[in-house]
Every structure is written in C-alpha cells, then in structure tokens.
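# Working through the structure, step by step
Each chain, written out:
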Amino acid sequence: MQIVEIRKEKRGRLLVVTEEVGMFPVYEKEAAAFHLEEGSVLSDSDWNRLCTEVLRRRVIRRAMFLLQRMDRTEFQLRQKLAQDHYPDFLIDAAVNYVRSYHYIDDLRYASTYIRLHQTEKSRIQLKLALQNRGISRELIDQALEETYEDHEDEQIRCFLLKKQYDPKSMDQRQKWRIYQNLCRKGFSSYKIKQQMDLT
C-alpha cells in the first residue's frame, strides 16, 4: 500500500492518505512503530496488523464513546465515524460490534423519539424527523404502530388557542392562514377542519 501523504492534525494525530483505502487516522507513536512515511510502502502484513491491533480497537472505542454521550441511529453513528476518517470496512466492524450488544438499535431509537415528541409533533413530522436520522420506513412504521398515541386533536386545539383563533371575529384570510400553518405541520385537513369548526 502506497502512502501518498501524511497530514498533521491536533494533539499528535496524523491522517495517512493512501490510494488504496483513502485515509485513516494514527498517532505519531504508531506511525513511527509501523514506519509510516510519505512515499513509503506499507506491506499487507503490516497493514493487517495495524488494522487489527490499532485501528479496529480505536474505532470501536470511538463508537462506544459516541453512544455513551447520546443515543444515535446507525446512520448518525456511521456519519460521525466517517468524519474521523475511518475507512468503511472499519466503520462496518464498529457498527456490527455495537449492534451485537444492542448499544445501537434503530427501532428502539424511533420508539423513544416518538414517545418523547408525540405530544408536540404530528405523525408526519415524526416520520420526517426519523427519516432524516437515517431510519428505514419499515422501522418507522413499526415504531409508530407500537408506540404512537394520537394527540393530534389536542395539538390542533393548543395551536388554535395559541393563535387566539376566533371564527366569529376572524376573516377568511386569517382563518386560511391558520389552516395552512397547521397543514404544513403535517396535520390532516379533516382533523384541522373538525377542530376549527368545534372552536
């Protein structure tokens, strides 16, 4: 493996750039131990040893640290590890490791998110938020089916109260603006009309 470039980062960290695997992070001590220098060639046996003894352990520790600080989806964890310049096969190893101990579980994440946010977000808003976190539609649908309690009527009533909705004193344009605002929040037009008529 040809080492094209070695970039210095903070606190003795180096980024080794290769044509074969892209980039990977090491510390100066490790670079010296494995004789990593710009223009040098890293043998397959040294590369395998570096991956096994150093990089694989480090990426797993990093994944554990990231999950200890906050719950993440698999997609979010992969993004964070990629930002640290770990090659994809090492990210796969770390994700498989934490998944095997259920430290990462997208269904659990989706269910928890729904439980925490269902009183302030519509069903559609919950779906979109979870899709943006990289959770599959199948898992989102399963989590919604198992966890979601419909609070939409109450949410619409709260919104109407907050906007001081009064059908007797408001003109059509004002009513339409409130209706459109609720539609953008993902509430069904049927439920919006129902609550607006009841008020």
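These lines cover the structure that appears in this document, whether it is placed above or below. Residue indices follow the written sequence of each chain, beginning from 1 at its first position. Two thresholds apply to this predicted model, a pLDDT of at least 70 for residue-level local features and 80 or more for giving and counting side-chain atom pairs, whereas whole-chain, interface and lining totals are computed over all residues. Based on all heavy atoms of the structure, the side-chain values leave hydrogens and waters out of the count.

Secondary structure is summarised from DSSP: a helix means a run of H or I of at least four residues, a strand means a run of E of at least two, and numbering begins at the N terminus for each. Counting secondary structure elements, the protein contains 10 helices and 3 strands. Beginning at the N terminus, the succession of helices and strands in the protein can be written as β-β-β-α-α-α-α-α-α-α-α-α-α. The size measure is the radius of gyration over C-alpha atoms, and the globule rule it meets is 2.2 Å times the number of residues to the 0.38 power. At 25 Å, the protein has a C-alpha radius of gyration far larger than the 16 Å of a compact globule built from 199 residues. The buried label applies to any residue whose accessible area, calculated with a 1.4 Å probe on protein chains only, is under 20% of its type's maximum; exposed applies above 50%, and partly exposed to all values in between. Taken over 199 residues, the protein has a buried fraction of 40%. Here a residue-residue contact requires only that any non-hydrogen atoms of the pair lie within 4.5 Å. Sequence separation of 24 or more characterises 52% of the internal contacts of the protein that already satisfy a separation of 6 or more. Residue burial considers only the protein chains on display, and all accessible areas are found by Shrake-Rupley using a 1.4 Å probe. Accessible area for the protein stands at about 12300 Å²; split by element, carbon and sulfur atoms hold 48% of it.

Pairing within the open sheet is antiparallel, and its 3 strands lie in the order E1-E2-E3. Across the chains shown, the open sheet's two edge strands, defined by having one partner strand only, are strand E1 (3–8) and strand E3 (22–27). Sheet twist, expressed as the average angle between the axes of neighbouring strands with direction ignored, equals 25°. Each pair of strands is called paired provided DSSP finds at least two bridges between the two strands. As paired strands, E1 and strand E2 (residues 13–18) are joined by 5 bridges and run antiparallel to one another. Following the sheet pairing, Lys 8 is matched in E2 by Leu 14. To get an axis, fit a line to the C-alpha atoms, keeping to the stretch in contact for a helix; angles then go from 0 to 180 degrees between the N-to-C directions.

Looking now at the pairing of E3. Relative to E3, E2 is paired through 6 bridges, and the arrangement is antiparallel. In the strand pairing of E3, Val 17 is matched with Met 23. The loop that links E2 with its antiparallel partner E3 comprises 3 residues.

With their axes 9 Å apart at the nearest point, helix H2 (residues 44–69) and helix H4 (residues 88–100) run at an angle of 50° to one another. The pairing of H2 with H4 is recorded here as oblique in orientation. Helix-helix and strand crossings are classified by hand; for H2 and H4 the assignment is right-handed. Each of Trp 47, Cys 51, Leu 55, Arg 56, Val 59, Ile 60, Ala 63, Met 64 and Leu 67 in H2 lies in contact with H4, whose residues at this interface are Phe 89, Leu 90, Ala 93, Ala 94, Tyr 97 and Val 98. In this scheme, roughly parallel covers angles under 35 degrees and roughly antiparallel covers those over 145, while 65 to 115 is roughly perpendicular and the rest are oblique. Note on convention: the crossing is left-handed when the near helix lies turned anticlockwise from the far helix by less than a right angle, right-handed when the turn is clockwise.

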